[in-house]
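Examining the three-dimensional arrangement
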Amino acid sequence: MGNGQSRREILAGSGAALLAAALPACGRAQEPPKRKLGYAIVGLGSYATRQIMPRLKDCEFAKLAALVSGTPEKLERYGTEYGVPRTHRYSYANYDSIRDNPDIDLVYVVLPNSLHAEYSIRASQAGKHVLCEKPMAVSSAECEAMIAAARKAGKKLMIGYRSHFEPYNRHGIELIKTGFIGRPRLIASEHGFNAQPNQWRLDRPLSGGGSMMDIGIYSLNAARYLAGEEPIEVSAMESTDRSDPRFRNVEDRIDWQMRYPSGALAMCVSSYSSNHNAWRATGTEGWVGMEPATPYDGHTMWTRKKGKTEQVTLPAPAKNQFVAQLDHLAECAISGREPIVAGEEGLRDMRLIEAIYRSAREGKAIRMAKA
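Cut-offs used in this document
Every chain's residues receive numbers from 1 upward, in the order its sequence appears when written. Restriction of local features to residues with pLDDT of at least 70 applies here, the model being predicted, together with a cutoff of 80 or more for giving and counting side-chain atom pairs; totals for whole chains, interfaces and linings are based on all residues. Only hydrogens and water are removed before side-chain values are computed, so all heavy atoms of the structure are retained for them. Between any two strands, at least two bridges found by DSSP are needed for them to pair. Counting from the N terminus, the helices are the DSSP runs of H or I reaching at least four residues and the strands are the DSSP runs of E reaching at least two. Contacts are assigned to residue pairs that have any heavy atoms within 4.5 Å of one another. To obtain an axis, a line is fitted to C-alpha atoms, over the contacting stretch when the element is a helix, and the angle between two such axes runs from 0 to 180 degrees between their N-to-C directions. Buriedness for pockets is judged along seven lines, at least five of which must meet protein on both sides within 12 Å for an open set on the 1 Å grid over protein atoms alone, while cavities are sets there where a 1.4 Å probe fits but cannot get out, and lining residues have an atom within 4 Å of a point. Grid points are joined across faces, edges and corners, and a volume is the space filled by probe spheres set on the points. As a working rule, the residues Ala, Val, Leu, Ile, Met, Phe, Trp, Tyr, Cys and Pro are called nonpolar, Asp, Glu, Lys and Arg charged, and the rest polar, with Gly in that last group. For the purposes of this section, nonpolar cores are sets of buried Ala, Val, Leu, Ile, Met, Phe, Trp, Tyr and Cys residues that join through side-chain atoms within 4.5 Å. Whether a residue is buried, partly exposed or exposed follows from its accessible area with a 1.4 Å probe, protein chains only, as a fraction of its type maximum: under 20%, in between, or over 50%, in that order. Polar contact is defined as a pair of N or O atoms within 3.5 Å, subject to the rule that within protein one atom must be able to donate a hydrogen and the other to accept it, and that residues adjacent in sequence are counted only when both atoms are side-chain atoms. Helix span is expected to be 1.5 Å times the residue number reduced by one.

**Some remarks on the sheet that holds strand β8 (residues 233–239)**
Read from one edge to the other, the open sheet built from nine strands follows the order β14-β13-β12-β11-β7-β10-β9-β8-β15, with strand pairing classed as mixed. With partners counted over all chains shown, the strands left at the sheet margins are β14 (308–312) and β15 (366–367), one partner each. Here helix α6 (residues 167–177) sits on the sheet in contact with β7 (184–192), β11 (276–283), β12 (286–290), β13 (301–305) and β14, set at roughly 20° to β13. The sheet contacts of helix α8 (residues 216–227) involve β7, β9 (253–259), β10 (265–271) and β11, and relative to β7 the element is tilted by about 160°.

**Considerations on empty space enclosed by the protein**
Enumeration over the complete set of coordinates arrives at one cavity of 30 Å³ or more. Its volume calculated, the largest cavity comes out at about 70 Å³. Lys134, Tyr161, Arg162, Ser163, His164, Ile217, Tyr218, Asn221, Ala222, Tyr225 and Thr294 together form the lining of the largest cavity. Here the lining of the largest cavity is built from residues that sort into five nonpolar, four polar and two charged.

**Comments concerning the layout of surface pockets**
Considering only enclosed or pocket space, the largest pocket measures out at about 960 Å³ in volume. Lining the largest pocket are 38 residues, and of these Tyr47, Trp200, Arg201, Asp214 and Tyr296 lie nearest its centre. Elements that contribute at least two residues to the lining of the largest pocket include exactly α2 (46–52), β7, α8 and β11. Among the elements that line the lining of the largest pocket, the one with the most residues is α2, at five residues. Looking at the lining of the largest pocket residue by residue, the classes come out as 16 nonpolar, 15 polar and seven charged.

**Remarks on the nonpolar core**
Residues Tyr39, Ile41 and Met258 are the most contacted members of the largest nonpolar core, which totals 106 residues. If we ignore the near neighbours within four places in the chain, the residues touching methionine 258 are Leu220, Ala223, Pro231, Glu233, Val234, Ala264, Leu265, Ala266, Cys268 and Leu352.

**A look at the side chain of glutamine 51**
For glutamine 51, the location among the structural elements is in helix α2. Side chain to side chain, glutamine 51 and arginine 55 meet in a polar contact 2.9 Å long. Non-local contacts of glutamine 51, meaning those with residues more than four positions away in its chain, are made with Ser46, Tyr296 and Phe322.

**Quick notes on the sheet that holds strand β3 (residues 89–90)**
Read from one edge of the open sheet, six strands run β3-β2-β1-β4-β5-β6, paired in parallel fashion. With partners counted over all chains shown, the strands left at the sheet margins are β3 and β6 (157–159), one partner each. Here strand β1 (residues 37–42) runs beside strand β2 (residues 62–68); their pairing, made up of six bridges, is parallel. When the bridges of β2 are listed, valine 42 appears paired with valine 68. With respect to the sheet, helix α4 (residues 116–125) is in contact with β1, β4 (106–109) and β5 (129–132), its orientation differing from that of β5 by roughly 165°.

**Observations concerning helix α5 (residues 140–153)**
Across its 14 residues, α5 extends 20 Å between first and last C-alpha, which sits within 8% of the 20 Å expected from 1.5 Å per residue. Residues of α5 that are buried: Ser140, Cys143, Met146, Ile147, Ala149 and Ala150. For α5, the secondary structure elements touched by its buried residues are α4, β5, β6 and α10 (343–362). Phi turns positive, to about 70°, at glycine 154, one or two residues after α5.

**Remarks on the pairing of β9**
Both β8 and β9 contribute to a ladder of seven bridges, which runs antiparallel. Looking at the pairing, serine 239 lines up with arginine 253 of β9. Across six bridges, β9 lies against β10 in antiparallel orientation. When the bridges of β10 are listed, methionine 258 appears paired with alanine 266. The hairpin formed by β9 and β10 contains five residues between the paired strands, and glycine 263 there has a positive phi angle of roughly 100°.

What follows is the structure, given as structure tokens:
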């Protein structure tokens, strides 16, 4: 470049500007909140205890207020570690009494998929705002019931799509939106890992399905947020070795294609027997890609345009994806605005998952109904 700056430096600088413009905000209150809003964490598994709970201390608008678990030992251990009083530790048997605790404003449901709808709806009925892990539920009907319950209660419902709060993924969205790659023509999105046996994810009554109801949601959601439009047709194929004891009642791998109104295509992979974590969006003028794309940390982005491939390095964010996500619901509860990943986002993904399963089962393309 004439001024001595590399494309990488310019992209990083433009990334900072794009990122600032794109940061999710629910419109902060004119004055700081008088107190941080309190989360009740429902389900004390690995993700909740290793990724979510340690980040709450870094939140600007939220804090840890209560714990819900069916394991007394976990309530004791984590209650002591985080200074949660016994009055704010709940079992599933007395879960509904959270309605009587004014210190609980928000509920984060981090349970197996088949329990998402029940515990989210009960939280809404208890008068609490809800953050529910993805996939939102195990059917579109359950998703619709969750949305209706939150609406009836006058409370927010948000789905835990953390990548929407991650700087590199947000930067990728903005690069595409502002025309860096030209018109998007092909999106490749692949997510998978080698699933270990004897876990709830491999038990259909708890998970609702196999890899598609777990790691596949990252491929699906990325293909949607990168395209910036909704698919009109899906075509899928399942590959599962039923002699593998892990896959007695859930699928291993699904490969699927989605077609968009613009003519763009997405090619996606969801797998429980191979490792993938990448996406690339290719347009008429270049491409932007990430590998790994959606990890907890260590994101890496590359772009190619006018024959030059460059790595993009963004400035460290004020809040990482977990803190930003947790604060976002609190900000929305304070301001009254809707989350950027409200219940409707989870419903759109679930309708597509149902179509993907149907296409794989029936061996034909499935047209999506207009929303």
